[in-house]
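The residues making up each chain are set out below.
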Amino acid sequence: MRTEANGTGTRTVSGFLENPVVGMAPWIVFSLLVGPGRFEIAVGIALATAVTLTVLSRVVNRGSTWKLLELADVVFFAALAVVGATASAGTLRWLETYAGEVANVTLAVIAFGSMAVGMPFTLQYAREQVDPALWHTPAFIRTNYVITAVWGLAFVVAALAGAYGDLVLHNPNNIWTGWIIQILAIVAALRFTGWYPEVVRARATREAAGQGPEPPRPAGLLLPLAGLLVPIGIAVLVFDDNVWWLGVALMVAGGLLTKALQSRA
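Since the model is a prediction, treat every value here as computed from it, not as a measurement. (Residues numbered from 1 in each chain as written. Predicted model: local features only at pLDDT ≥ 70, side-chain atom pairs only at ≥ 80, totals over all residues. Heavy atoms only, no water.)

Undergrad: Honestly, the overall build of the chain in this entry has me stumped. Any pointers?
TA: Along the chain, the regular secondary structure elements total ten helices and zero strands. Its helices and strands in sequence order give the chain the pattern α-α-α-α-α-α-α-α-α-α, from N to C terminus. Looking at the chain as a whole, 39% of its 265 residues qualify as buried. For the chain, the computed accessible surface area is about 14,000 Å², with 68% contributed by carbon and sulfur atoms. (Helix = DSSP H or I, 4+ residues; strand = E, 2+ residues; numbered from the N terminus. Buried < 20%, exposed > 50% of the residue type's maximum accessible area, 1.4 Å probe, protein only. Areas by Shrake-Rupley, 256 points an atom, 1.4 Å probe, with all protein chains shown as cover.)

Undergrad: When you look at the packing of helix α4 (residues 68-86) against helix α5 (residues 89-116) in this model, what are you seeing that I'm missing?
TA: Geometry of a packed helix pair, given as the angle between the helix axes and the separation of the axes. Contact geometry for α4 and α5: axes closest at 12 Å, N-to-C directions at 160 degrees. Looking at the two axes, α4 sits roughly antiparallel to α5. The hand of the α4/α5 crossing is right-handed. On α5, the residues touching L68, L69, A72, F76, V83 and G84 of α4 are L92, L95, V102, A103, T106, L107, I110 and S114. (Axes fitted to C-alpha atoms, helices over the stretch in contact; angles between N-to-C directions. Parallel < 35°, antiparallel > 145°, perpendicular 65-115°, else oblique. Left-handed = near helix turned anticlockwise from the far one by under 90°. Contact = heavy atoms within 4.5 Å.)

Undergrad: Can you help me understand unusual backbone geometry in this one?
TA: Most peptide bonds take the trans configuration, and most residues that are not glycine carry a negative phi. The backbone of H170 sits at a positive phi, close to 55 degrees, despite the residue not being glycine. Tracing the backbone shows H170 in the loop between α7 (138-168) and α8 (175-209).

Undergrad: Teacher, can you tell me more about the pattern of salt bridges here?
TA: Side chains that differ in charge, positive against negative, can pair when their charged atoms come close. Under the defined criterion, the tally for this structure stands at one salt bridge. Between E128 and K67 there is a salt bridge whose closest N-O contact spans 3.0 Å. Of this pair, E128 sits in the loop between α6 (121-126) and α7 while K67 sits in the loop between α3 (39-60) and α4, and the two are 61 residues apart along the sequence. (Salt bridge = Lys/Arg side-chain N within 4 Å of Asp/Glu carboxyl O.)

Undergrad: Teacher, can you tell me more about the nonpolar core here?
TA: For soluble globular proteins, the rule of thumb is that nonpolar side chains tend to be buried together. Counting 38 residues, the largest nonpolar core has M24, W27, F30, F39, L69 and W151 as its most contacted members. Of all the secondary structure elements, the ones that give two or more residues to this core are α2 (20-33), α3, α4, α5, α6, α7 and α8. By size, the runner-up hydrophobic cluster in this structure holds six residues, among which are I180, L229, I232 and L250. (Core = buried A, V, L, I, M, F, W, Y, C linked by side-chain atoms within 4.5 Å.)

Undergrad: Got a minute to help me understand α4 in this structure?
TA: Compared with an ideal rise of 1.5 Å per residue, which puts 19 residues at 27 Å, α4 spans 27 Å between its outermost C-alpha atoms and is within 8% of the ideal. Listing the buried residues of α4 in full gives L69, E70, A72, D73, F76, F77, L80 and G84. Taken down its axis, α4 places every buried residue within 160 degrees of arc, on the same side. Exposed positions of α4 whose direction lies more than 90 degrees from the buried face are V75, V82, A85 and T86. (Expected span 1.5 Å × (residues − 1). Arc of directions from axis to C-beta.)

Undergrad: Where do I start with the packing of aromatic side chains in this structure?
TA: Aromatic ring pairs are reported here in terms of the distance separating the ring centres and the angle at which the planes meet. Tallied over the full model, the rule gives nine aromatic pairs. Ring geometry for F30 versus F39: centroids 6.3 Å apart, planes at 80 degrees, classification edge-to-face. On the accessibility criterion, F39 (1% relative accessible area) is buried. Between F76 and F77, the aromatic rings sit 5.1 Å apart at their centres with planes inclined by 90 degrees, giving edge-to-face as the arrangement. Three or more aromatic residues joined by ring pairs make a cluster, and in this case those are W27, F30, F39, F76 and F77. Over the ring of Y125 we find K67, and its NZ or CZ is 5.2 Å from the ring centre. (Phe/Tyr/Trp six-rings, centres within 6.5 Å; stacked < 30°, edge-to-face > 60°. Lys NZ or Arg CZ within 6 Å of the ring centre and 35° of its normal.)

Undergrad: Would you take a moment to explain α5 for this structure?
TA: Because each turn of an α-helix spans 3.6 residues, side chains separated by three or four positions end up pointing in the same direction. Taking 1.5 Å of rise per residue, the 28 residues of α5 would be expected to cover 40 Å, and the 38 Å separating its terminal C-alpha atoms lies within 8% of that figure. The largest bend along α5 measures about 60 degrees and falls at Y98. (Bend = angle between axes of the 7 residues up to and from the residue.)

Undergrad: Explanation requested: a nonpolar patch on the surface in the structure shown.
TA: A surface patch of nonpolar side chains, about 940 Å² in accessible area, is lined by I234, L237, V238, F239, W244, W245, V248, V252 and L256. Contributing elements (two or more residues each) for the nonpolar patch: α9 (218-239) and α10 (244-264). The leading source of residues in the nonpolar patch is α10, at five residues. You can see V248 is positioned in helix α10. (Patch = residues over 30% accessible without salt bridge, like charges linked within 9 Å, V, L, I, M, F, W, Y side chains within 5 Å.)

In C-alpha cells form, the structure reads like this:
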C-alpha cells in the first residue's frame, strides 16, 4: 500500500514538473513580488524557486531533457542577484521600479523568439507528456505554437500594465496595473494552457472516428476568470476606497457570471 502511494505521489510530482507553467513560476513570482524595497527578496525567492524546480526535475524525471526555460530561469535570476548585490543605490532604485517589466518583456521575447526559431518553449514540456508518435504531427506542433503565443501575449499585457503604472501613474504599487491586470493575464494563460489541448484532442477524435465527446466550450475557459472577479472586488473595496462602488459591482458581476457560465460549461 505504501509503495503504491509513493508511486502515485512520484507520478503526481513528475506530471507537475512536466507542465510548462512550472518553468514560468519563478518569473511569475518575481514579477508579482518585485517593487520598491522588495527587489532583493523577490530575486532571492525567484532564484530559489528556479533552482529547486530544476533540481527536482532532474531528480524526479531522470530521463527529462534540459529545457530552454529552466536554463533561462537560473541564469536570469542569478545574474539579477549579482547585479542587485553590487549595484549602486540609483541602479537598485531603477531595478526596484522596472524589474517587473524587464522580467515580463524577457519572457515575451523568450516566447516569441522560441516560436521564431521553430521550437515554441511549451513543446519541450509537451513532448514528455505524449506518445513520441505525436511529436511531429501538425496538430501537436500547432497546439504548442498557439499556447506559446498566448503566454507571450499574457506577458506583453503584464509588461504594458506595469509600465503604465510606473511611467504614467508613477505608482508601482497601483492595485490595477501592479496586481489585478497582471494576475488576470497570467490566470487567463494558465487556464488556456489546460483548456486548449482538450479542445484539440476532442476535435481530432471526432474527425477521425466521426463521433466522440463534444469539445470543451468557451464557457469553461472563462469560468475561472469570472470567479476571480469576486476576490478582485473585495481587494478593490479594501485597497481603493475611491471606487468602492466598482468593488461591489465586480463582486456582483462575478457571482452572476460564474453561475451563468457554470450552466454552459
